Amino acid sequence: MPRSYKLLTALLAFTGCVGLVITGALNPLMLIAGAGLIPGYIRFWRGMPALSKWTIGGLSTATLFLFVIDALIITGDIFIAVAHLTIAFQAIKSFDLKEPWDHLQVYFMSLLQLIIASELTRSLAFGLIFIIFLIALVAAMVISHFLKEGAIRKVRLRGPVITISILTLVVTGIFFISAPRVKGGLWGKSRAQNIKTVGFSEKVDFGSYGDVKLDSTIVMRIETSKNALQPFYWRGRTLNYFDGISWLDTIKTRTGIQKQGNTFIIIPVLPENALTQKIFLEPLDSEIIFGLGTIAKVEIDSRTMFVDHAGSVFTPEKSARRLAYTVHSTLDEPLSDEDAFHYRQFPPDLKRLPELASEITKGADTTLKKALKIEDYLKSNYKYSLKTSPPQSGVNPIEDFLFNSKQGYCEHYATAMALMLRAAGTPSRIVTGFLEGEKNKYGGYIIVRQSDAHSWVEAVIDGKWKKFDPTPPAPIPEMPSQVSLYLDYLKMKWYRYVVNFSSSDQKRLIDYISMPFLKMPEMPDIKVCGVRMLAYALVILSSSTMLFFLLRRFRIYRYGFVTVKYLKFRNFLKRKGANIKRSSTPSDVMKEAARLGLGDKAADFIALYERARFGGRGMNEEEKKKYKYKYRTL
């Protein structure tokens, strides 16, 4: 057995296992069995005999028993337990590689592992592993074919491997582009883990932002229009009720949004007045759609969308996949209700806070001036810090912040301002979202992290909701390295053009390819469009035709020189009316040739074929010339 074949089998086994490991979803304890791959394939490389069937059977039985315990007790998830089982199978199989069928089992299991991994991750590293797997699988299957044909030493493998690898990648690319996009994963909903966030549920405990502000996990990547001006406040949701410990949304009213094509329209806005943001949102444990200012329209691949009383936009459910959507926003301040009753509630046990609010706003004769005074007071007299201590027993945390510690983070400042505004008679609410982000110079997009989580205040000023941010500037965080920014740029492109390649992208690509030939006008975005479907059919048909002729052209790589000529001779006889099937032997072919009057000429040709194909040796140059001559004279 060629060493290259052994190496490819080991590579494919490790590729499948690594694809699962990089998902980060497996139990480290259950991965210990995978360590057996190393000694197993070392033994295989050195040509050592396989383990006895009793040993392999015993290990397999123990693995199945462990699988049941894993699915019921250890992980409690049969999907993850199957992933663990495949790794254990690969380890056991590395000690039991005897027949060609054993190698095919390894290839199949590696493919299954990558299918499972695709439900757990969409990372760029997984994409690279899949490409390596695809090329290695093609090379292994080519070698396997020539081993079966007994021609491994008669052909050069580089040509067939390179050609078929390229064709496989091309076919895979065409299938990826043309395959219909469906919602959900292969096994239903995606099983990728959502990023845990705070501030975007109907109840947010006071002080919950502290740990999140230390987390540099990327939440979203955003491409903005040129007319978007900093600072960027990525608005999420609002909260209206404070019970002294937590902020809550007690209104909870959501209405469906009107949909036109793939766009959900909340309020009408002219394109020239809108701020456009293309957002690539990581899987979060929230249904929130983020955007600048007031969201007017959302372009997203979804059946329904909802908007609440404060203009916050929601998807139907939490997504376990990355969301790609486009938001069109306006910075116009939204109108408020006449009395804004739900935004006047004030905890009765906060006795000292109204006095402080009255002292700060003394002399201010308008609501706006009062709000600005409170905002400036908090920014000027308090210190930003993520290191806060719990208050003494019986002391409210917000009063402890205002009168004792005088240091905190955005949550403290926003809560203090909102409550002081209410104490002064101004309706107000807390807004949670993200502030700013860092611009990646390689892609020109904005990276928003968990540490950018922020809360601010909206207050009713002259009948409109106006934004205020009383939080003093935070320390400037350490900038990421240029290498990490460039790698993130590659990830962004991977997510945009591979992971989030949508039906809309398919339409744009087909339009781009077909426009020069069909001169198609802009078509309405409806489910069935004859011209667009024709364009799809033409592109797929032309691609398939090209691949068909390429495969025919390079069929010499599938078979050796002797077999190719023989197959062409069989096809020649079939065109003459011979009854030749796939199972017909050379003797059957000879009988059909005799029946057609070609027996004498075909006899020498078939004799040469059988001698070269089954005689254990190839043809010399003289025999090749004779073989070609016999073929031409038939």
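Computed from a prediction, not measured in an experiment: that's the story for all the values here. (Residues numbered from 1 in each chain as written. Predicted model: local features only at pLDDT ≥ 70, side-chain atom pairs only at ≥ 80, totals over all residues. Heavy atoms only, no water.)

### A look at the overall build of the chain
Phase 1 of the analysis: Per the secondary structure count, the chain includes 19 helices and 22 strands.
Phase 2 of the analysis: In the chain, buried positions account for 45% of the 634 residues.
Phase 3 of the analysis: A total accessible area of about 33800 Å² is found for the chain, and carbon and sulfur atoms account for 59% of it. (Helix = DSSP H or I, 4+ residues; strand = E, 2+ residues; numbered from the N terminus. Buried < 20%, exposed > 50% of the residue type's maximum accessible area, 1.4 Å probe, protein only. Areas by Shrake-Rupley, 256 points an atom, 1.4 Å probe, with all protein chains shown as cover.)

### A word on the environment of Gly408
Phase 1 of the analysis: Secondary-structure assignment places Gly408 in strand β17 (residues 407-408).
Phase 2 of the analysis: If sequence neighbours within four positions are ignored, Gly408 has contacts with Lys383, Tyr384, Ser385, Thr388, Phe401 and Tyr413. (Contact = heavy atoms within 4.5 Å.)

### Let's talk about the nonpolar core
Phase 1 of the analysis: Within the largest apolar cluster, 34 residues are counted, with the highest numbers of intra-cluster contacts made by Leu20 and Tyr41.
Phase 2 of the analysis: Taken together, the elements giving at least two residues each to this core come down to α1 (3-21), α2 (37-45), α4 (78-93), α5 (100-118) and α6 (124-149).
Phase 3 of the analysis: A total of 10 residues in this core trace back to one element, the largest contributor, which is α6.
Phase 4 of the analysis: If sequence neighbours within four positions are ignored, Tyr41 has contacts with Thr9, Ala10, Ala13, Phe14, Ser94, Leu97 and Val106.
Phase 5 of the analysis: Core analysis: the second largest hydrophobic core is formed by 30 residues, Trp234, Ile289, Ile295 and Val298 among them. (Core = buried A, V, L, I, M, F, W, Y, C linked by side-chain atoms within 4.5 Å.)

### With respect to helix α9 (residues 352-360)
Phase 1 of the analysis: Residues Leu353, Leu356, Ala357 and Ile360 constitute the buried set of α9. Seen along its axis, α9 keeps its buried residues to an arc of 100°; they face one direction. Of the residues in α9, the exposed ones pointing more than 90 degrees away from the buried face are Glu355 and Glu359.
Phase 2 of the analysis: Turning to α9, the residues buried within the fold contact α10 (367-381), α11 (397-405) and α12 (410-423). (Arc of directions from axis to C-beta.)

### A closer look at the packing of α1 against α2
Packed helix pairs are characterised by how far apart their axes lie and by the angle those axes make with each other.
Phase 1 of the analysis: Taken N-terminus to C-terminus, the directions of α1 and α2 make an angle of 170°; their axes are 10 Å apart at the nearest point. Classified by the angle their axes make, α1 and α2 are roughly antiparallel. Counting all contacts with α1, which are made through Arg3, Lys6, Leu7, Thr9, Ala10, Ala13, Phe14 and Cys17, the residues of α2 involved are Leu37, Ile38, Tyr41, Phe44 and Trp45.
Phase 2 of the analysis: Of the residues in the contact of α1 with α2, the class split is 10 nonpolar, 1 polar and 2 charged. (Axes fitted to C-alpha atoms, helices over the stretch in contact; angles between N-to-C directions. Parallel < 35°, antiparallel > 145°, perpendicular 65-115°, else oblique. Nonpolar A, V, L, I, M, F, W, Y, C, P; charged D, E, K, R; others polar.)

### A few points about the pairing of strand β21 (residues 453-461)
Phase 1 of the analysis: Here β21 lies mainly inside the structure; 9 of its 9 residues are buried.
Phase 2 of the analysis: The alternating pattern of β21 places Ala453, Ser455, Val457, Ala459 and Ile461 and His454, Trp456, Glu458 and Val460 on opposite faces, both of which are buried.
Phase 3 of the analysis: Direction of pairing for strand β18 (residues 428-435) relative to β21: antiparallel, over a ladder of 7 bridges. Bridging from a neighbouring strand, Thr432 pairs with Ser455 of β21.
Phase 4 of the analysis: One ladder, built from 5 bridges, connects β21 with strand β22 (residues 464-468); its direction is antiparallel. The residue of β22 that forms the bridge with Ala459 is Lys466.
Phase 5 of the analysis: Here β21 folds back onto β22 in antiparallel fashion, the turn holding 2 residues, of which Asp462 has a positive phi close to 55°. (Pairing = 2+ DSSP bridges.)

### Digging into the sheet that holds strand β6 (residues 254-256)
Phase 1 of the analysis: Strand order in the open sheet made by the 4 strands is β6-β13-β14-β10, with antiparallel pairing throughout. Strand pairing shows two members of the sheet lacking a second neighbour, β6 and β10 (288-289), which therefore form its edges.
Phase 2 of the analysis: In the sheet, β10 pairs with strand β14 (residues 313-314) via 2 bridges, with the strands oriented antiparallel. Within β14, the residue paired with Ile288 across the bridge is Phe314.

### Things to note about the pattern of salt bridges
Phase 1 of the analysis: Under the definition given, this model contains 12 salt bridges.
Phase 2 of the analysis: The partner of Lys466 in a salt bridge is Glu333, with the nearest N and O atoms 3.3 Å apart. In this pair, Lys466 sits in strand β22 while Glu333 sits in the loop between β15 (323-330) and α9, placing the two residues 133 residues apart along the sequence.
Phase 3 of the analysis: Taking relative accessible area as the criterion, Lys466 reaches 26% and is therefore assigned partly exposed.
Phase 4 of the analysis: Residues participating in the shared-partner salt-bridge network are Lys93, Asp96, Lys98 and Asp102. (Salt bridge = Lys/Arg side-chain N within 4 Å of Asp/Glu carboxyl O.)

### Regarding the sheet that holds strand β9 (residues 275-281)
Phase 1 of the analysis: The 8 strands lie next to each other as β7-β8-β12-β15-β9-β2-β20-β19, forming an open sheet whose pairing is antiparallel. Of all the strands in the sheet, just β7 (258-260) and β19 (438-440) have a single pairing partner and so form its edges. Taken over all neighbouring pairs, the strand axes of this sheet differ in orientation by 30° on average, direction set aside.
Phase 2 of the analysis: Alignment of strand β8 (residues 263-265) against strand β12 (residues 294-299), held across 3 bridges, turns out to be antiparallel. Within β12, the position partnered with Ile265 by the bridge is Lys297.

### A word on unusual backbone geometry
Phase 1 of the analysis: Backbone geometry places Lys406, a non-glycine residue, at a positive phi of 55°.
Phase 2 of the analysis: Considering the arrangement of structural elements, one finds Lys406 in the loop between α11 and β17.
Phase 3 of the analysis: Look at Asp462: it is not a glycine, yet its phi comes out positive at around 55°.
Phase 4 of the analysis: Relative to the helices and strands, Asp462 resides in the loop between β21 and β22.
Phase 5 of the analysis: By relative accessible area, Asp462 is classed as exposed at 75%.

### Here's the deal with a nonpolar patch on the surface
Phase 1 of the analysis: There is a patch of nonpolar side chains on the surface, built from Phe14, Val18, Ile22, Ile38 and Ile42 and spanning about 380 Å² of accessible area.
Phase 2 of the analysis: Looking at the nonpolar patch, the elements with two or more residues in it are α1 and α2.
Phase 3 of the analysis: As for its placement among the helices and strands, Ile22 is situated in the loop between α1 and α2. (Patch = residues over 30% accessible without salt bridge, like charges linked within 9 Å, V, L, I, M, F, W, Y side chains within 5 Å.)

### Re the confidence of the model for the chain
Phase 1 of the analysis: Confidence in the prediction of the chain, expressed as mean pLDDT, is 80, and 79% of residues score 70 or more.
Phase 2 of the analysis: Within the chain, no element has a lower average pLDDT than helix α15 (residues 530-553), which sits at 52, and none a higher one than β22, at 94.
Phase 3 of the analysis: Here residues 184-189 scores under 50 on pLDDT; set against residues more than four positions off or in separate chains, the count is 12 contacts. (pLDDT = per-residue confidence, 0-100.)

### Points about the environment of Leu137
Phase 1 of the analysis: Residue placement: Leu137 occurs in helix α6.
Phase 2 of the analysis: Residues Leu137 and Leu11 lie 126 residues apart in sequence; the distance between their C-alpha atoms is 9.3 Å.
Phase 3 of the analysis: Setting aside its immediate chain neighbours within four residues, Leu137 contacts Leu12 and Tyr107.

### Structural notes on the packing of α9 against α11
Phase 1 of the analysis: Axis separation between α9 and α11 bottoms out at 10 Å; the angle between their running directions is 50°. Put simply, α9 runs oblique to α11. Crossing of α9 over α11 shows left-handed handedness. Between α9 and α11, the contacting residues are Arg352, Leu353 and Leu356 on the first element and Glu399, Leu402 and Phe403 on the second. (Left-handed = near helix turned anticlockwise from the far one by under 90°.)

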